[in-house]
Amino acid sequence: MSLDHAAHKPHEALAALLSGEMAEVNSLIATRMASEHAPRIPEVTAHLVGAGGKRLRPLLTLAAAKLCGYDGPYHIHLAATVEFIHTATLLHDDVVDESAQRRGRPTANLLWDNKSSVLVGDYLFSRSFQLMVETGSLRVLDILANASATIAEGEVLQLTAAQDLATDESIYLQVVRGKTAALFSAATEVGGVIAGADEAHVKALFDYGDALGIAFQIVDDLLDYQGDSAATGKNVGDDFRERKLTLPLIKAVAMADAEERAFWTRTIEKGKQQDGDLEHALELLNRHGALEATREDALAWAAKAKTALAGMPDHQIKALLIDLADYVVARIN
């Protein structure tokens, strides 16, 4: 299937190719998010699961399993598991970030309350572990349990690192590996493991997911400063207003003179922002080439993702996964 066939969107081409399996995943999700005792659980999850989204992570699990020749039933369980973990972290994130919107709709914590969001997130985590256990693979359980811990660790690290000017690129990478890349790499890795692929292929799938997730997050952070609000659904400078030290800012702070550092201390560490600060921040980012350097980092991670798949067998899915790495960074090219 050429990319032209899917309007140049490889995730849509993947979704079309795996539509039968994806329908099974959706059916399993609907069954497992039901609760006879607490009707609020399916209400809250249906709101989030029904909000669309690309279902990228479960698609990656299905694609990885298929690429490795799997023909058993358990990639469906694992794809649903990955989506449950992702949905649970979104419910919790929206509470932590006090968000009012996600994917252009009011968040669950706004429609119901924080308690419901936290508790339903907990329920989905529990459901995800039940699904994992059903595969009968301890290794799968190990990978996804580790990913869940890494996600939580990344979120907690971000609490302290986000407004600390001492945060450097290695800490940023640790946060990104936690909050974004850990679930991407787990999603692709378990697809290979459940298929019984050889270790080199399992490692390649892990490396692909890891690099793709990092590129994905860097692009997100870059678009916050130079994106089109209509396309991204976020206002330019939201991260600045929320005092989040993302990669563009970390690069600018590293090159700041005393006067510029005082500006970053006031606006990010102390949160004393005033009119014109965002414009000045953008000027500093441009002055030090921080946006361009961030863009180059994103492209480098996308290239790493593609290289990781070099040793995998030639397959329509491999071609689409390679295209997906290009697509993730296409918005900044």
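For the structure, check the block above.
Below is a summary of the structure that appears in this document. Just so it is clear, the structure is predicted and the values come from calculations on it, not from any experiment.

We now examine unusual backbone geometry. A positive phi is found at arginine 243, a non-glycine position, where the angle reads about 60°. Mapped onto the elements, arginine 243 comes out in the loop between helix 12 (238–241) and helix 13 (247–254).

Let us look at the packing of helix 2 (residues 19–32) against helix 5 (residues 74–96). With their axes 9 Å apart at the nearest point, helix 2 and helix 5 run at an angle of 60° to one another. As judged from the angle between their axes, helix 2 and helix 5 are oblique. Pair helix 2 / helix 5 crosses with right-handed handedness. Of the residues in helix 5, those in contact with Glu21, Glu24, Val25, Leu28, Ile29 and Arg32 of helix 2 are His75, Ile76, His77, Ala79, Ala80, Glu83 and Phe84.

Grouped together as the largest cluster of nonpolar side chains are 98 residues, with contacts concentrated most on Leu144, Tyr208, Leu212, Trp264 and Leu321. A total of 13 residues in this core trace back to one element, the largest contributor, which is helix 10 (residues 199–226). Leucine 144 has contacts with Leu78, Thr81, Val82, Ile85, Met132, Ala186 and Val190, leaving out every residue within four places of it along the chain.

With that settled, the discussion passes to a nonpolar patch on the surface. A cluster of nonpolar side chains, contributed by Val96, Val156 and Leu159, occupies part of the molecular surface with about 300 Å² of accessible area. With respect to the secondary-structure elements, valine 156 resides in helix 8 (residues 138–161).

Right, let's talk about the pattern of salt bridges for a bit. One pass over the full model with this rule turns up 17 salt bridges. We note a salt bridge from glutamate 12 to lysine 9, for which the minimum N-O separation is 4.0 Å. When its relative accessible area of 37% is taken as the criterion, glutamate 12 is described as partly exposed. Among the residues examined, lysine 9 registers a relative accessible area of 32% and is labelled partly exposed.

Here we take up the packing of aromatic side chains. Within the structure shown, the criterion is met by three aromatic pairs. Consider the rings of phenylalanine 184 and phenylalanine 216, whose centres lie 5.2 Å apart with planes at 50°: the pair is tilted. One end of the pair, phenylalanine 184, is in helix 9 (residues 169–194); the other, phenylalanine 216, is in helix 10, with 32 residues separating them in the sequence. Given the relative accessible area of 0%, phenylalanine 184 is considered buried. For phenylalanine 216, a relative accessible area of 23% translates into the label partly exposed. Connected via pairs of aromatic rings, a cluster forms that spans Phe240, Phe263 and Trp264. Against the face of tryptophan 301 rests lysine 304, its NZ or CZ located 3.9 Å from the ring centre.

Basis of the calculations
- Along each chain, numbering runs from 1 in the same order as the chain's sequence is written.
- This being a predicted model, a pLDDT of at least 70 is required before a residue's local features are given, and a value of 80 or more before pairs of side-chain atoms are given or counted; all residues contribute to the totals for chains, interfaces and linings.
- To get the side-chain values, all heavy atoms of the structure are used, and hydrogens and water are removed first.
- Each helix corresponds to a stretch of at least 4 residues labelled H or I by DSSP, and each strand to a stretch of at least 2 residues labelled E; elements are numbered beginning at the N terminus.
- With axes taken as lines fitted to C-alpha atoms, and helix axes fitted only over the stretch in contact, angles between N-to-C directions fall between 0 and 180 degrees.
- In these notes the angle categories are as follows: under 35 degrees is roughly parallel, over 145 is roughly antiparallel, 65 to 115 is roughly perpendicular, and the rest is oblique.
- For any pair of crossing helices, the crossing counts as left-handed if the nearer helix is rotated counterclockwise from the farther one by less than a right angle, and right-handed if it is rotated clockwise.
- Note on definitions: a residue-residue contact is assigned when non-hydrogen atoms from the two residues lie within 4.5 Å.
- In these notes, a set of buried Ala, Val, Leu, Ile, Met, Phe, Trp, Tyr and Cys residues joined through side-chain atoms within 4.5 Å is what counts as a nonpolar core.
- Three exposure classes are used, based on accessible area relative to the maximum for each residue type with a 1.4 Å probe and protein chains only: buried under 20%, partly exposed in between, and exposed over 50%.
- Like-charged residues are merged into a patch within 9 Å and nonpolar side chains (Val, Leu, Ile, Met, Phe, Trp, Tyr) within 5 Å, provided each residue has over 30% relative accessible area and no salt bridge.
- All accessible areas in this document rest on Shrake-Rupley with a 1.4 Å probe, and a residue is counted as covered only by the protein chains that are shown.
- Here, a salt bridge means any Lys or Arg side-chain nitrogen found within 4 Å of an Asp or Glu carboxyl oxygen.
- Paired rings are identified among Phe, Tyr and Trp, the last through its six-membered ring, by centres lying within 6.5 Å, and are further divided according to the angle between planes into stacked (under 30 degrees), edge-to-face (over 60) and tilted (the rest).
- Counted as over-ring charges are cases with an Arg CZ or a Lys NZ within 6 Å of the ring centre that also lie within 35 degrees of the ring normal.

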